[in-house]
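These are the residues of each chain, in order.
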Amino acid sequence: MTYDSVFNITREELLSLSEKTKEFHYSCLRKWLSSACDDFDKMTTLPSDLRDRLKERYNRVYSSEVVEIKEDINAKKLLIKLFDGAYIECVLLTDYKNNHTACLSSEVGCRMKCEFCATGNIGFKRDLYSFEIIEQFFHLKKVCEKIDRIVYMGMGEPLCNFNAVKESILYFKNECGLSARRITVSTSGYVKGIKELADAKLGVKLAVSLVTADDESREKLMSAARLYPLDELKKTLLYYKSKDSQRIALEYCLISGINTDLSSVKKISLFADKLVYSLNVIPWNTIENLPFKTPDNKEIEAFTALLKKYNIPFTIRESKGQKTYSACGMLVAKHK
Ligand code: SAH
Ligand code: SF4
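A quick note: this is a predicted structure, and the numbers were derived from the prediction, not measured.

1. Thoughts on the packing of helix H5 (residues 130-143) against helix H6 (residues 162-174)
Right, on to step 1. Viewed as axis vectors pointing N to C, H5 and H6 meet at an angle of 45 degrees, and their least axial separation amounts to 8 Å. If you check the angle between H5 and H6, you find them oblique. Considering the relative orientation of H5 and H6, their crossing is right-handed. Residues Ser130, Ile133, Ile134, Phe137 and Phe138 of H5 lie in contact with H6, whose contacting residues are Ala164, Val165, Glu167, Ser168, Tyr171 and Phe172.

2. Observations concerning the site of ligand 2
Right, on to step 1. Near ligand 2, the surroundings consist of Cys110, Met112, Lys113, Cys114, Cys117, Gly120, Gly156 and Ser188.
Right, on to step 2. In terms of residue class, the shell around ligand 2 is built from four nonpolar, three polar and one charged.

3. Overview of empty space enclosed by the protein
Right, on to step 1. What the rule picks out here adds up to one cavity of 30 Å³ or more.
Right, on to step 2. If you add up the space inside the largest cavity, you get close to 40 Å³.
Right, on to step 3. Lining the largest cavity are Leu237, Lys241, Asp244, Gln246, Ile248, Leu275 and Val276.
Right, on to step 4. Class assignment of the residues belonging to the lining of the largest cavity gives a composition of four nonpolar, one polar and two charged.

About the criteria used
- Residues numbered from 1 in each chain as written.
- Chains lettered and ligands numbered in written order.
- Predicted model: local features only at pLDDT ≥ 70, side-chain atom pairs only at ≥ 80, totals over all residues.
- Heavy atoms only, no water.
- Axes fitted to C-alpha atoms, helices over the stretch in contact; angles between N-to-C directions.
- Helix = DSSP H or I, 4+ residues; strand = E, 2+ residues; numbered from the N terminus.
- Parallel < 35°, antiparallel > 145°, perpendicular 65-115°, else oblique.
- Left-handed = near helix turned anticlockwise from the far one by under 90°.
- Contact = heavy atoms within 4.5 Å.
- Near = heavy atom within 4 Å.
- Nonpolar A, V, L, I, M, F, W, Y, C, P; charged D, E, K, R; others polar.
- 1 Å grid on protein atoms, 1.4 Å probe; cavity = no way out; pocket = protein on both sides within 12 Å on 5 of 7 lines; lining within 4 Å.
- Points joined across faces, edges and corners; volume = space filled by probe spheres on them.

Here it is, written out as structure tokens:
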């Protein structure tokens, strides 16, 4: 099923819609769209005839609609219905400095099916179109005018849907004035996509979900690891570094009894050698019916003590939105 979105309109198409259309109306329309205007009737700098033609052709500005908002401390989760009846979620996260981050989805479900992730456990339905990624940002803008950052850390593996993700990044940079360094793409280690991202020179930040630096354990937990073993991932990250010298984030979902011991830390240290990075520790968010355990404070402290001993730079990510299933790896877009 395809969808004709006004976000994809070309200058020529706009000019052909009505005789009264002038060249500059194209930039007017783009301005309305990037200012989160969701109603053709409110685009008052466009001639009324052109607004009518736009309505006839596209019916509505957004292809998707928000059907539910769930609020938690510092996390607001939007359930979004797409034009074909599929559902996704995106989240607005607020930090202690009152900075707001839009966490966007890139797929309906996820191809990667990581064992410890709720999204992975619902399977994969389809890729999102670039306009569906862009619309999430505007839906979040309705909830919070000021959005400081974007992270592609919602549902899906963004680098498996590279073209749509790239188009949406270019939109946020060029139309919404967001600097590339305020945009982070997180991947489970999809090597082909990391190379494409390096070559595309978009300037965005890269986060890689390492989870464990042990091949055997990684293969059990993540399907990306079955495609690409750690030495290939490492080589690709060094290639990435040759194209973009900025520090990458290695995300480390900490799972009790699985990746918290001394040998795990030694393996991280070996893997990270020669990389410019920081380890982002995310204690596993508890997901019912999955055979994993969230580490307690004692286990987290013992792990971080080992990280210090091995001079591994790290931060612990404070988890937001666990109660409403809005936190990392918890998005399933449950609907009635
Ligand atoms: N698909 C991308 C981005 C979305 S997942 C990726 O995997 O990188 C965002 C982060 O959530 C990843 O670092 C992933 O390892 C982590 N994650 C998944 N399930 C989790 C859970 N139950 N608890 C904590 N982090 C989780
Ligand atoms: Fe997909 Fe990321 Fe979840 Fe893995 S952790 S299943 S890649 S969303």
